[in-house]
Amino acid sequence: KPVLKAKCFSCHNEKKAKGGLVMTSEEKLLEGGKHGPVWKSGDALNSHIIQQVNLPEEDKKHMPPKGKPQLTEEEIQLLFTWIQSGADMKKRIADYDDADSLKALAAGAVEDGCDGQN
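A quick note: this is a predicted structure, and the numbers were derived from the prediction, not measured.

J.: Could you clarify how one ought to interpret the overall build of the protein chain in this entry?
T.: Scanning the protein chain from N- to C-terminus turns up five helices and zero strands. Beginning at the N terminus, the succession of helices and strands in the protein chain can be written as α-α-α-α-α. For the protein chain, whose C-alpha radius of gyration is 14 Å, the value lies close to the compact-globule estimate of 13 Å for 118 residues. When its C-alpha atoms are laid out on the principal axes, the protein chain stretches across 40 × 30 × 25 Å. Within the protein chain, the fraction of its 118 residues that count as buried is 33%. Across the protein chain, every contact between residues at least 6 apart in sequence was considered, and the portion connecting residues at least 24 apart equals 45%.

J.: Help me understand the nonpolar core, please; the structure alone is not making it clear to me.
T.: Within soluble globular proteins, side chains that are nonpolar generally end up buried alongside one another. One finds Leu4, Met23, Trp39 and Ile49 to be the most contacted residues of the largest nonpolar core, which totals 24 residues. Mapped by element, the contributors of at least two residues to this core are helix H1 (2-7), helix H3 (48-53), helix H4 (73-84) and helix H5 (101-111). For this core, the element with the highest residue contribution is H4, accounting for five residues. The contact partners of Leu4, leaving out residues within four places of it in the chain, are Phe9, Met23, Leu29, Ile49 and Leu79.

J.: Hey, could you run me through the pattern of salt bridges in this one?
T.: Side chains carrying opposite charge are able to pair once their charged atoms draw close together. Throughout the structure, instances matching the rule amount to two salt bridges. Ionic pairing is found between Lys7 and Glu75, a salt bridge with its closest N-O pair at 2.7 Å. One end of the pair, Lys7, is in helix H1; the other, Glu75, is in helix H4, and 68 residues separate them in sequence. Each of the two residues, Lys7 as well as Glu75, counts as buried. Glu26 serves as the salt-bridge partner of Lys90, at 3.2 Å between the closest nitrogen and oxygen.

What counts, and at which threshold
Residues numbered from 1 in each chain as written. Predicted model: local features only at pLDDT ≥ 70, side-chain atom pairs only at ≥ 80, totals over all residues. Heavy atoms only, no water. Helix = DSSP H or I, 4+ residues; strand = E, 2+ residues; numbered from the N terminus. Rg over C-alpha atoms; globule rule 2.2 N^0.38 Å. Buried < 20%, exposed > 50% of the residue type's maximum accessible area, 1.4 Å probe, protein only. Contact = heavy atoms within 4.5 Å. Core = buried A, V, L, I, M, F, W, Y, C linked by side-chain atoms within 4.5 Å. Salt bridge = Lys/Arg side-chain N within 4 Å of Asp/Glu carboxyl O.

What follows is the structure, given as structure tokens:
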């Protein structure tokens, strides 16, 4: 959630909703936008969000758009791993096993300024 809030909410909210996508509430996020669901739980490689953030920044479909704060490699890896693990929006990072790579990635994100929620 902290990654999405920091990098996505400014264009995908109730007032702007680029591509028909609102990411500021779980219900709206799960509805997806005009291109369908944002992710496919357990299938990060075929998830729209992962595909978009990995396009070259010059590509008009790259997200976030050029000129906006970009996701770091660590943030992309955190999203990828979270989606691959099932993208459970109810599960807190603290609920993951200490050996889970997602928990280790999230711990790094907390050190970098995220709040450690989902």
